[in-house]
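Per-entry structural report
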Amino acid sequence: MYKPAGLHIVHQNIVGEVIIVDLRAGTYFSLTETASFIWEALVTGFSRNEIIEEVFNIFDGTREEIEQSVDQLLAQLVADQLIVETEATDTTKSRAINMAPSGEKRPFVEATVQKYTDMEDILVLDPIHDFDDAGWPNVPDSTQVDSNTP
Amino acid sequence: MDLDLNTYFHTSHNAFLLQASKRAELCERTIRVGNNASIRIQFANEKLLSYFMPAIEHIVVGPSENVDLTILVWDSTDGTGKPLCPAWQTHRNYRWVDLLASDNIKVSCEMSPARMTAIHFEKRLALFWISDVKQFPWFEQSRPFRTILHWWGAAKNLHLLHAAAVGTADGGGALLVGKGGAGKSTTALTCLNSGMQYVSDDHCLVGFENSLPVAYSLYNAAKLNMMDSISRFPELERCIVNRDRLHFEKAMMFLYPFYPDRVARALSLKAVLVAVVTGRAETQIRATNWQEAARALIPSTMTELQGSEVDDFYGMLRVIKSIPCYRLELGIEIGQIPPAICNLLTSMGNDSNLPQPKAAIATPIDQDRPITAPPPTTVTL
């Protein structure tokens, strides 16, 4: 089984695509539809074999290509330090996502993840600071501010 | 001193109450923000009201008993009423800023100009203290209470964006994104001049109604570089409020008094336009992908707004991914810009729930010429 690598890994489904943010590295990742499905199964607590089975039930692909795609995606998520493998087997896992096949299968497209590093500066977590008894205002003499820049 | 955020907020709130009672000049206005939220603003004196209100005059409504937020505003021109100052530890946005946050309270203290901003979500109360408005940089008057509105809006899925928004009364609107200098203000004001609806040239709130994005106006202020741009807009000269300082400040204008029927409170968004200055004569609009729009919008917004969090990132992505994205390649002939945007909005009809665009939209000068859209993956991030 796999799980997100820590609380610094956050994710949301944005209009059908999962976007993962690594708050330590400041990187973010967009997942294709198939990859998003696999990710949501993964964070719900499904094992590798269960994920393959559910993808096979939902998407129109051969078992072989689905297995290969799932394994490649899991390997990339591990390499990018977004997930870690865990030995624990959670038998009470939530079946929060709808994995029951409904009607026709969806077209299978290889599960891929795209990594973006263009917002590293703004997505890195900021520390929260403590108070002390500094007075108001307490500007170091060397601090100069350009007050004419909007 | 062992202060927690609750104590800090309470102490600062008391500083306002003391200052307000001492001067006996308390005055208030109520503004409508977003779809139907009311925010009451109480000023400790008339001077503060006259400084901050012009930018938000267009969204003033009558007094209301039930408000979603109350903002208390005071200063210390007499040397009293200063809130305590937390530790100064970070450089953020190239100013000395210290930001502290808990689940319920956020506090931001800036050094120059001296300013304290705080919000208590449970109490629906915000505090805004400045030492003296005379110490404020000129552009602050164009975007009052921006940090408070950012924090408050984020908690209500209303995203304060560094973006312009224009459109037509019946055709919907376009969100204009891009870094400073990308042409947002020029585009927005050109559209205003042409008779289109104007929501913002710099900052607006974007929320969702029926799962579709809507841009809400916050500020009717606009800024233009006097040397480069204002000569293109002679009709806007009457709106300028800082004529005596144009040699070192951008021209700042309050538009609502002169264009009350064109400053729109809200526009349903149909498209995101990434503004790019090309240097070419003509203006063109081409399909692009959400990644280019994200790169144009998110870093500039999150860098500008204090206390931005990953939820802001997700909120902006949701806006961008819910409607088609285009690159607005701005030409020198700025008269082409409004019809190009109007044509795009008209071509999209009334169904805003569209997938990513498959074809480029031509401007009036080349609308008969078929244009092949660049593949959505051509933009390298």
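What counts, and at which threshold
Residues numbered from 1 in each chain as written. Chains lettered and ligands numbered in written order. Predicted model: local features only at pLDDT ≥ 70, side-chain atom pairs only at ≥ 80, totals over all residues. Heavy atoms only, no water. Salt bridge = Lys/Arg side-chain N within 4 Å of Asp/Glu carboxyl O. Helix = DSSP H or I, 4+ residues; strand = E, 2+ residues; numbered from the N terminus. Buried < 20%, exposed > 50% of the residue type's maximum accessible area, 1.4 Å probe, protein only. Contact = heavy atoms within 4.5 Å. Core = buried A, V, L, I, M, F, W, Y, C linked by side-chain atoms within 4.5 Å. Pairing = 2+ DSSP bridges. Axes fitted to C-alpha atoms, helices over the stretch in contact; angles between N-to-C directions. Expected span 1.5 Å × (residues − 1).

**Here's the deal with the pattern of salt bridges**
Residue and element names in this part refer to chain A. Under the definition given, this model contains 17 salt bridges over all chains. As a salt-bridge pair, Glu53 and Arg63 come within 3.1 Å of each other at their nearest N and O atoms. Within this pair, whereas Glu53 is found in helix α2 (residues 48–58), its partner Arg63 is found in helix α3 (residues 63–79), the two being separated by ten residues in sequence. By relative accessible area, which is 33% here, Glu53 ends up partly exposed.

**Some remarks on the environment of B:Gly207**
Residue and element names in this part refer to chain B. Within the element layout of this structure, Gly207 appears in strand β14 (residues 203–209). Note: C-alpha distance between Gly207 and Gly315 (108 residues apart in sequence) is 9.1 Å. Setting aside its immediate chain neighbours within four residues, Gly207 contacts Asn157, Leu158, Leu212, Pro213, Val214 and Tyr216.

**Here's the deal with the nonpolar core**
Residue and element names in this part refer to chain B. Counting residues in each nonpolar core, the largest one holds 42 residues, and the members touching the most others are Phe43, Phe52, Ile71 and Phe145. Apart from the residues within four sequence positions on either side, Ile71 is in contact with Ile39, Arg40, Ile41, Gln42, Ala126, Phe128, Phe145 and Ile148. By size, the runner-up hydrophobic cluster in this structure holds 40 residues, among which are Ala264, Leu269, Trp290 and Cys325.

**Regarding the sheet that holds strand β8 (residues 113–116) of chain A**
Residues and elements named next belong to chain A. The strand order across the open sheet formed by four strands is β2-β3-β4-β8, and the pairing between neighbours is antiparallel. With one partner strand each, in any of the chains shown, β2 (9–14) and β8 form the two edges of the open sheet. Pairs of neighbouring strands in the sheet enclose a mean axial angle of 20°, with direction left out of account. Bridging between strand β4 (residues 27–31) and β8 involves four bridges; their strand directions are antiparallel. Bridge pairing in β8 places Ser30 opposite Gln114. With respect to the sheet, helix α1 (residues 33–44) is in contact with β2, β3 (17–22) and β4, its orientation differing from that of β3 by roughly 60°.

**Thoughts on helix α6 (residues 310–321) of chain B**
Residues and elements named next belong to chain B. The end-to-end C-alpha distance of α6, which contains twelve residues, comes to 16 Å, matching closely the 16 Å that a straight helix rising 1.5 Å per residue would cover. In terms of residue burial, α6 counts as a mostly covered element, since ten of its twelve residues are buried. Among the residues of α6, those classed as buried are Val310, Asp312, Phe313, Tyr314, Gly315, Met316, Leu317, Val319, Ile320 and Lys321.

Bear in mind that shape data such as this cannot, by itself, settle questions of function.
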